Amino acid sequence: MRETIISAGLEVFDEKGFFKAGIRDIAKLAGCSLPTLYYYFENKEKLFEAAVCDEYERITSQIDEQLPEGMPLIDRYYYTVMQRLMLMPDEKRVFRIALKIQFGVDGFASAIERLSVWENNRLSSERAVIESVTGDPAFAVLVLRVVDNMLLRCILFGETPPPEQIRQELEYLLK
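These remarks concern the structure in this document.

Scoring rules and cut-offs
- Residues numbered from 1 in each chain as written.
- Predicted model: local features only at pLDDT ≥ 70, side-chain atom pairs only at ≥ 80, totals over all residues.
- Heavy atoms only, no water.
- Patch = residues over 30% accessible without salt bridge, like charges linked within 9 Å, V, L, I, M, F, W, Y side chains within 5 Å.
- Areas by Shrake-Rupley, 256 points an atom, 1.4 Å probe, with all protein chains shown as cover.
- Salt bridge = Lys/Arg side-chain N within 4 Å of Asp/Glu carboxyl O.
- Helix = DSSP H or I, 4+ residues; strand = E, 2+ residues; numbered from the N terminus.
- Buried < 20%, exposed > 50% of the residue type's maximum accessible area, 1.4 Å probe, protein only.
- Axes fitted to C-alpha atoms, helices over the stretch in contact; angles between N-to-C directions.
- Left-handed = near helix turned anticlockwise from the far one by under 90°.
- Contact = heavy atoms within 4.5 Å.
- Nonpolar A, V, L, I, M, F, W, Y, C, P; charged D, E, K, R; others polar.
- 1 Å grid on protein atoms, 1.4 Å probe; cavity = no way out; pocket = protein on both sides within 12 Å on 5 of 7 lines; lining within 4 Å.
- Points joined across faces, edges and corners; volume = space filled by probe spheres on them.

**Focus: a nonpolar patch on the surface**
A surface patch of nonpolar side chains, amounting to about 360 Å² of accessible area, comprises Met1, Tyr39 and Tyr40. On the secondary structure map, Met1 appears in the segment before helix H1 (2-16). The class of Met1 is partly exposed, set by a relative accessible area of 43%.

**Overview of the packing of helix H5 (residues 73-85) against helix H9 (residues 163-174)**
Between H5 and H9, the shortest axis-to-axis distance is 9 Å and the interhelical angle comes to 145 degrees. For H5 against H9, the interelement crossing comes out right-handed. Seen from H5, the contacting residues are Leu73, Ile74, Asp75, Tyr77, Tyr78, Val81, Met82 and Leu85; seen from H9, they are Pro163, Ile166, Arg167, Leu170, Glu171 and Leu174. When its residues are assigned to classes, the contact of H5 with H9 shows 11 nonpolar, no polar and three charged.

**Structural notes on the layout of surface pockets**
By volume, the largest pocket amounts to about 390 Å³. Around the largest pocket, the lining comprises 20 residues; the ones closest to its centre are Leu99, Gln102, Phe103, Glu119 and Asp148. Per-element tally for the lining of the largest pocket: the top contributor is helix H7 (residues 109-134), with seven residues. Of the pockets and cavities examined, the second largest pocket occupies roughly 190 Å³. Lining the second largest pocket are Asp64, Leu67, Pro68, Glu69, Gly70, Met71, Leu73, Arg76, Glu126, Val129 and Val133. Of all the elements in the fold, those that place two or more residues in the lining of the second largest pocket are H5 and H7.

Structure below.
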């Protein structure tokens, strides 16, 4: 039941945003009573953290852990983009909501802070990987901005460029 509630929460949060999402709407979509929902989650904030923050961190870590050490940068970021394009519907919702939080469009203070810290740590690690290959901190920032923009277009706006276009854009940038 917990996973059903999380899935329903993701759907409602994605559609309405955190502040307009009603706990009753989530319970109704999950097919459970309010007491059942509250058995699993103390309040809407805890449900949001479990559905979005916990899941975003889990999925992102899982994808990042699959990257082999020393992988060429083009392959690394091609794989990163392609993995996110192939996410399951609920996982895409998680990423879409997380992006809205990172842009300050949705969420509440502690969720915004939590994802901001998480993402800053992840980006620092990625910058270090790029700098170790290129030796250029400014170039590392540029690469991450381009890749983040690619991910933004894919996840938030639903663009699905052909894989060869993604690889070509990365080759232009990283060769």
